[in-house]
Amino acid sequence: MKRHNFSAGPCILPGSVLQKASEAVINFDNGLSLLEISHRSKPFVDVMENARILALELLGLEGKGYKALFLQGGASTQFLMVAFNMLENRASYLNTGTWSDNAIKQAKIYGDVFEVASSKEANYNYIPKGYDIPTDSDYFHCTSNNTIFGTQMKEFPNSSAPMVCDMSSDIFSREIDFSKFDLIYAGAQKNMGPAGATLVVVKEDVLGKVSRQIPSMMDYKAQISKGSMFNTPPVFAVYTSMLTLEWLKDLGGIAAIEKENNKKAQLIYSEIDLNPLFKGFSAKTDRSTMNATFTLINGDLKETFETMVNEAGINGLSGHRSVGGYRASMYNALPLESVGVLVDVMSELERKA
């Protein structure tokens, strides 16, 4: 049976990427596995270079003063690194979910944090708007997409302070003027590859402005000087991310995948709104294209629905404990066909009820 993977992360990857990555584990360089070659060897140095070039190319940031890095530690380490490298006096944060809330807590270790707005009182079911960003902020931090709550920033504010964005769950999924941001970071395990690598794209001229001494492993400038190889990089995660970026480029880039993502989102949200058995969690104006969150109105149908879901080969639909219900994560590699299967199950439940 074909499996339809709606897992929130680690998530679905393109079949062709999985095939190439698995082959490289056996034979990447003249009979040597990708997992056993030196990360200093030319074949892997070329992989890292290509991955960093592709990231900038797809984001439209080549030749604009940005550097791309593939680092370890996940996006959660970036909560620390951003503040370590950029927070001197006070930073401003928009609080739209669990991960932005965690980023705020980590930044407070290093300096004053001003929360410009929050939707915490409504369990993060909407994106705050109409807030002001203090002009004396060292930087403004936001999270573009909230996997747990199914909300997404559709517009970004104008800020006189450098803009930092956690794009872990929607990077490369939609066209944005990425040059508005001075630093972007994203864990690989949503739209790029397996867990273990984190993409950081940073404009070099925002670095080197804090007075504190930064440990080498936490220093963006040190990582840039070593081409993301200050220490041994996560070779498999970087290689798989490179393959995914090549796959995306061959499809036509972000513009092409955005059209597919919009089709998937329209299909699932139409069913949620039209089917009287289901109710969406997030505010309609802020619904995420990547993560659709919804619940069954009648809890008595839960067992029946979940049996039907399993029989249809659908995986990873359970909602996060903070929200409950269900979460359909529709990252770049998820085909429209899979969303159609889920919608058919939801429609069939309505006919049975």
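This section reports on the structure supplied with the text. Every value quoted in this text rests on a predicted model; they were computed, and no experiment measured them.

Let's shift gears to the packing of aromatic side chains. Under the defined criterion, the tally for this structure stands at twelve aromatic pairs. Here the aromatic rings of phenylalanine 79 and tyrosine 185 are separated by 6.3 Å at their centres, their planes lie at 70°, and the arrangement is edge-to-face. One end of the pair, phenylalanine 79, is in helix H3 (residues 74-86); the other, tyrosine 185, is in strand E9 (residues 183-187), with 106 residues separating them in the sequence. With relative accessibility at 0%, the residue tyrosine 185 sits in the buried group. Ring plane angle 70° and centroid distance 5.7 Å describe the contact between tyrosine 93 and tyrosine 139, whose orientation is recorded as edge-to-face. Of this pair, tyrosine 93 sits in strand E3 (residues 90-95) while tyrosine 139 sits in the loop between strand E4 (112-118) and strand E5 (140-143), and the two are 46 residues apart along the sequence. Tyrosine 139 shares its class with tyrosine 93; the two are buried. Pairwise contacts between aromatic rings join Phe278, Phe294, Phe305 and Tyr326 into one cluster. The aromatic ring of phenylalanine 114 is capped on one face by arginine 90, whose charged end is 5.3 Å from the ring centroid.

Another aspect to go through is the pairing of strand E14 (residues 326-329). What you see with E14 is no split at all: Tyr326 and Ala328 on one side and Arg327 and Ser329 on the other are buried throughout. Here strand E12 (residues 291-296) pairs with E14 via four bridges, running antiparallel. Opposite asparagine 291, over in E14, you have serine 329 as the bridge partner.

As a further point, take the pairing of E9. The element E9 is extensively covered by neighbouring structure, given that five of its five residues are classed as buried. With burial as the criterion, each face of E9 is covered, one bearing Leu183, Tyr185 and Gly187 and the other bearing Ile184 and Ala186. Pairing of E9 with strand E10 (residues 198-203) involves five bridges; the strand directions are antiparallel. Paired with alanine 186 across the bridge in E10 is leucine 199.

Our next topic: helix H8 (residues 302-311). What sets the pattern is the α-helix's 3.6 residues per turn: residues three or four places apart point alike. Listed in full, the buried residues belonging to H8 are Phe305, Met308 and Val309. Down the axis of H8, the smallest arc covering the buried residues is 100°, so these residues share one side. Pointing more than 90 degrees away from the buried face of H8 are the exposed residues Glu303, Asn310 and Glu311. Those residues of H8 hidden inside the fold are in contact with strand E11 (278-280), E12, strand E13 (314-315), E14 and helix H9 (336-352). Phi for glycine 313, located one or two positions after H8, is positive at around 80°.

For the structure shown, the criterion picks out twelve salt bridges. A salt bridge links lysine 105 to aspartate 101, with the shortest nitrogen-to-oxygen separation between them at 3.6 Å. Of the two residues, lysine 105 and aspartate 101 both sit in helix H4 (residues 98-107), four residues apart, roughly one turn of that helix. By relative accessible area, which is 49% here, lysine 105 ends up partly exposed. Through salt bridges with shared partners, one network takes in Asp101, Lys105 and Lys120.

The rules behind each value
- Residues numbered from 1 in each chain as written.
- Predicted model: local features only at pLDDT ≥ 70, side-chain atom pairs only at ≥ 80, totals over all residues.
- Heavy atoms only, no water.
- Phe/Tyr/Trp six-rings, centres within 6.5 Å; stacked < 30°, edge-to-face > 60°.
- Helix = DSSP H or I, 4+ residues; strand = E, 2+ residues; numbered from the N terminus.
- Buried < 20%, exposed > 50% of the residue type's maximum accessible area, 1.4 Å probe, protein only.
- Lys NZ or Arg CZ within 6 Å of the ring centre and 35° of its normal.
- Pairing = 2+ DSSP bridges.
- Arc of directions from axis to C-beta.
- Contact = heavy atoms within 4.5 Å.
- Salt bridge = Lys/Arg side-chain N within 4 Å of Asp/Glu carboxyl O.

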